[in-house]
Amino acid sequence: FRFTMGRCPSNRWQRPPLEQLHMCVHDPDPTDKVPKFTLASRLVMLFTCIAMLLQTLDRTVFSVAVVQMKQELSLSSAQETSLVSSALLAGFALTSLFGGFLPDRIGGLQALLGSLALWSLSVVVLALAVHAPNPMAMLLGARFAFGLASGVALPAANAVAARWLPPVRRSS
């Protein structure tokens with residue numbers, strides 16, 4: 001349907017003047033070219049959702065796992081375990097400054113893949129900390145690297161969604 005008391009822009013994605021903003025409601029235009037939601041774009045979005053789920057799980061489950069890690073790695077105090085937990089935030093804060101710039105520069109999918117590679121490396125280093133001569137340093141380094149990867153992951157996932165989802169499939 002079309003409800004208008006003024007002139008609406010012909011392009012449905014163009015912003016109307018502020019005084020007409022409440023007056024324009026566009027009906028679907030059959031001449032608009034809507035990109036298809038192909039199998040490739042569905043797979044990319046599924047991969048992106050799984051990647052973000054795994055990163056979120058790792059961030060949240062670590063607070064439960066650190067209790068067992070404290071016993072296995074014989075960390076002596078609560079300060080050490082809080083330092084390991086907060087190392088993620090230090091890396092996250094550092095990459096939050098340029099986290100949105102990187103996907104725009106190299107592409108969302110490439111930034112997300114790089115983030116996942118760094119995240120995977122940090123998980124491997126975290127598992128190897130048991131055999132390290134200084135497990136505290138390895139834990140700090142692994143969580144810091146995971147924070148670096150996490151700071152880029154969300155802007156990269158948003159860039160992937162903007163690139164691979166047609167506008168009609170995006171939420172507002």
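Residues numbered from 1 in each chain as written. Predicted model: local features only at pLDDT ≥ 70, side-chain atom pairs only at ≥ 80, totals over all residues. Heavy atoms only, no water.

**Q** Help me understand the overall build of the protein in this model?
**A** What the protein contains, in helices and strands, is five helices and zero strands. Of the regular secondary structure in the protein, the N- to C-terminal order runs α-α-α-α-α. A buried classification covers 33% of the 172 residues belonging to the protein. Partitioning the intrachain contacts of the protein with sequence separation of at least 6 by distance along the chain shows that 72% fall at a separation of at least 24. For the protein, the exposed surface amounts to about 11,000 Å²; the carbon and sulfur share of it is 66%. (Helix = DSSP H or I, 4+ residues; strand = E, 2+ residues; numbered from the N terminus. Buried < 20%, exposed > 50% of the residue type's maximum accessible area, 1.4 Å probe, protein only. Contact = heavy atoms within 4.5 Å. Areas by Shrake-Rupley, 256 points an atom, 1.4 Å probe, with all protein chains shown as cover.)

**Q** Would you mind showing me how to read the pattern of salt bridges here?
**A** Oppositely charged side chains can pair when the atoms bearing their charge come close. Under the criterion given, the structure shown has one salt bridge. Between Arg-143 and Asp-58 there is a salt bridge, and its shortest N-O distance comes to 3.1 Å. Taken together, the residues Arg-143 in helix α5 (residues 135-164) and Asp-58 in helix α1 (residues 39-72) connect sequence positions 85 residues apart. For Arg-143, a relative accessible area of 3% corresponds to the buried category. Given the relative accessible area of 17%, Asp-58 is considered buried. (Salt bridge = Lys/Arg side-chain N within 4 Å of Asp/Glu carboxyl O.)

**Q** How do you make sense of the nonpolar core when you look at a structure like this?
**A** Inside soluble globular proteins, nonpolar side chains tend to come together where they are buried. Ranked by size, the top nonpolar core spans 18 residues in total, and within it Met-45, Met-52, Leu-112, Leu-116, Trp-119 and Val-160 carry the most contacts. Going through the elements one at a time, α1, α4 (108-128) and α5 are the ones with two or more residues in this core. For this core, the element with the highest residue contribution is α5, accounting for eight residues. When sequence neighbours within four positions are dropped, the list of residues in contact with Met-45 reads Val-160, Ala-161, Trp-164 and Leu-165. (Core = buried A, V, L, I, M, F, W, Y, C linked by side-chain atoms within 4.5 Å.)

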